[in-house]
Amino acid sequence: MKRHATCRQRFSAVNGRNHCLVIMEIDIRYDCAGVDWGIVSETLKRAGMAYDDPDVHRRAFEASHAAVFAYHAGRLIGFGRAISDGVYQGAVYDVAIVPEFQKKGVGTILMNKILERLSGCNVILYAAPEKEGFYEALEFRRMKTGMARFKNPEKMREKGFTE
């Protein structure tokens, strides 16, 4: 399996009142070697997502079916992972982009790279309530049924994930 690739992504960015075309080179990596897990934990926190000690994230990513990391100019700017049987079921977790790089196409690149590694699988995920539109644009649809058992059920209810 390919462990490293460079992806050139063009995106429009707003610079004050003027719109300008920005070209940003994104380095996509598929392995956990050299990842600063403290940055992973901090990025999840800054993005308003569930986060834990850096070593917990390291173990989760290393045990995943797919782990994808995006770097710009040597800096980790986003990541995501998926668990899967590799045959017909997969689930996406921990997709997060450093806030200053959000809405620039990095999340779409990461999701497409993750989905490539889940080819032929049904794929589920749960999205933060305000991020559902992002996943709908990637052809995810709301499920009519679903159940969850969380470590901290009250917190997840307060955040809008459960009833």
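Preceding this paragraph is the structure being described.
Read on for a plain summary of the structure. (Residues numbered from 1 in each chain as written. Predicted model: local features only at pLDDT ≥ 70, side-chain atom pairs only at ≥ 80, totals over all residues. Heavy atoms only, no water.)

Here's the deal with the side chain of Asp94
Summarising the element assignment, Asp94 is placed in strand 5 (residues 89-97). Here the side chain of Asp94 touches Arg81 through a polar contact of 2.7 Å, side chain to side chain. Not counting residues within four places of it along the chain, the set of residues in contact with Asp94 comprises Leu44, Met49, Phe61, Phe79, Gly80 and Arg81. (Helix = DSSP H or I, 4+ residues; strand = E, 2+ residues; numbered from the N terminus. Polar contact = N/O pair within 3.5 Å; in protein donor to acceptor, adjacent residues only side chain to side chain. Contact = heavy atoms within 4.5 Å.)

Some words on the packing of aromatic side chains
Enumeration over the complete set of coordinates arrives at 9 aromatic pairs. Each ring, one from Trp37 and one from Phe69, has its centre 5.9 Å from the other, and the planes form 80°; the classification is edge-to-face. Here Trp37, found in helix 1 (residues 37-46), pairs with Phe69, found in strand 3 (residues 66-72); they are 32 residues apart in sequence, far enough to count as distant. Phe69 shares its class with Trp37; the two are buried. Seen from their ring centres, Phe134 and Tyr135 are 4.9 Å apart, and the 80° between their planes marks the pair as edge-to-face. Pairwise contacts between aromatic rings join Trp37, Phe61, Phe69 and Phe79 into one cluster. Sitting over the ring of Phe61, Arg81 keeps its end group 5.7 Å from the ring centre. (Phe/Tyr/Trp six-rings, centres within 6.5 Å; stacked < 30°, edge-to-face > 60°. Buried < 20%, exposed > 50% of the residue type's maximum accessible area, 1.4 Å probe, protein only. Lys NZ or Arg CZ within 6 Å of the ring centre and 35° of its normal.)

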